[in-house]
Amino acid sequence: MRQQRLVNQINFLNFTIVHNLTNKEFDQQHIWHPYTSAIDPLPCFEVSGASGAEISLASGETLVDGMSSWWAAIHGYNHPALNAAAHQQVDKFSHVMFGGLTHEPAVNLCRQLLSMAPAGLERVFLADSGSVSVEVAIKMAVQYWACQGRPEKSRLIAPRNGYHGDTFAAMSVCDPVNGMHSLFTNSLTKHVFAPAPQTRFGQAFSEDDILPLEELFARHHEELAALILEPVVQGAGGMRFYHPEYLRRCRQLCDTYDVLLICDEIATGFGRTGKLFGCDHAEISPDIMCVGKALTGGYMTLAATLCTEDVARGVCEGNPGVFMHGPTFMGNPLACAVAGASLSLINQGDWQVQVQGIETQLKAELSRCNELACVQDVRILGAIGVVETKHPVDMKRLQPLFVKNGVWIRPFGKLVYIMPPYVISSEHLSRLSDAIYHCLSHTYG
Ligand code: PMP
């Protein structure tokens, strides 16, 4: 009885503490944010609205968005066509299970996806997030070889500096250093890593670049299920832009040695690099391809793993005859309806002119950061601009300074980078480049 009273008192105390906190305080004390400490987090900025290429804060400021919410909101926020698709679908049904049922939003989305994807990709597995689509891709590759009677082909090979997500199988193919493999050594499958591609996009390709990968293929091919990489742009693992010839040679090596090629287009897909897919720079098709992020125009989480007819048949012939994966929210109709509307916008084709315009303007304006002593390198590809500093930036100082300058830019490590919504105006884009220049020069001289 006394114990119960004590429990009730504690519950009441917890209730009052939790409800007396401001949103900001509650958030800081109880909610975990991406890649942050639970005990000493930097403060977050509360958002009250977002429209076009602007984010409004509850504190009253309006910021020009440089991030597209991590590559996703390519058409801008609060887009009428995407809003309409969500409203229409929510009034019909928001979700039904995908096991044994199907629906127009999924069929429409997959039809569009396959018509735009690199040639040869004919099957779609809808997944909940980018990381899950990578899990699915890896599982497909391993099951494919197991069903061909070659279970020893179960390892993956990946270039260093890659990034494929935070779940375990995805993490196991991320760069071992950036991906902090040392923390999880006993839980991660050990894969084969090749040096990161060195020839930059736009430079003359050096044959030396592919030699280490050739050697690793020659040595390990009998145990390799697949090569996984991000085509042309290595994103979160360093924002590196590499030569498409490297990708072409990867395709050739995979063909020569009977290894599947998985292209992770989660960040690069849907026009961001100046081509519809990163693969298109090299004019190659992968055996398996992952897309996510911009798939729904950044409205909600949805990803997809596409594969060739050969992979789909290979996976499903023999025992167990099915692909053993089926998330609860697979093919969520609401997400599929918005994604279908987003792909329709892409198919209208404006993205090409928009991305080209962003690239040209960034080359003219962001390159000025090269003048700063703290800057190591400035690089631009499509609608991506990267300023690499010589030393890691101090987020605690830089983040509020960006906000004070009216922009939303979220650096990490030595990388101050932007990938704005394609619909950004040239005036807003100038504000982003100016803010990077001024905030870096103000903070680091
Ligand atoms: N692959 C790449 C190339 C990515 O950039 C990301 C997301 N940062 C992922 C996979 C993981 O996607 P998600 O965060 O949706 O799980």
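What you are looking at is a predicted structure, and each value in this text was computed from that prediction instead of being measured.

Rules of the game
Residues numbered from 1 in each chain as written. Predicted model: local features only at pLDDT ≥ 70, side-chain atom pairs only at ≥ 80, totals over all residues. Heavy atoms only, no water. Pairing = 2+ DSSP bridges. Helix = DSSP H or I, 4+ residues; strand = E, 2+ residues; numbered from the N terminus. Contact = heavy atoms within 4.5 Å. Axes fitted to C-alpha atoms, helices over the stretch in contact; angles between N-to-C directions. Domains from an automatic or database assignment. Buried area = accessible area lost by both parts, 1.4 Å probe. Salt bridge = Lys/Arg side-chain N within 4 Å of Asp/Glu carboxyl O. Nonpolar A, V, L, I, M, F, W, Y, C, P; charged D, E, K, R; others polar.

Draft legend 1. Structural context of the sheet that holds strand E2 (residues 54–57). Pairing in this open sheet of four strands is mixed, and the strands run E1-E2-E3-E15 from one edge to the other. Each edge of the open sheet is held by one strand with a lone partner, namely strand E1 (47–51) and strand E15 (407–408). Here strand E3 (residues 62–65) runs beside E15; their pairing, made up of two bridges, is parallel. What sits directly across from Val-64, in E15, is Val-407. The strands touched by helix H14 (residues 426–444) within the sheet are E2, E3 and E15, with E3 carrying the most contacts at an inclination of about 90°.

Draft legend 2. Up close: the domain arrangement of the protein. Each domain of the protein was delimited in the assignment, giving domain 1 (46–78 + 350–444) and domain 2 (82–347). The straight-line distance from the C-alpha centre of domain 1 to that of domain 2 is 27 Å. The interface of domain 1 with domain 2 comprises 25 residues on the first partner and 29 residues on the second. Between domain 1 and domain 2, roughly 2300 Å² of surface is buried when both sides are summed, and carbon and sulfur atoms account for 65% of that area. Summed over the three residues of domain 1 that lose the most area to domain 2, namely Trp-71, Trp-351 and Leu-381, the buried surface amounts to 34% of that side. At the boundary of domain 1 and domain 2, one finds one salt bridge. Arg-200 serves as the salt-bridge partner of Asp-377, at 3.1 Å between the closest nitrogen and oxygen. Every element with two or more residues in the side of domain 1 that touches domain 2 is listed here: helix H3 (68–71), helix H12 (350–365), strand E13 (375–381), strand E14 (384–389) and strand E16 (415–418). Of all the elements, E13 adds the most residues to the side of domain 1 that touches domain 2, at five residues. Taken together, the residues of the side of domain 1 that touches domain 2 break down into 19 nonpolar, four polar and two charged.

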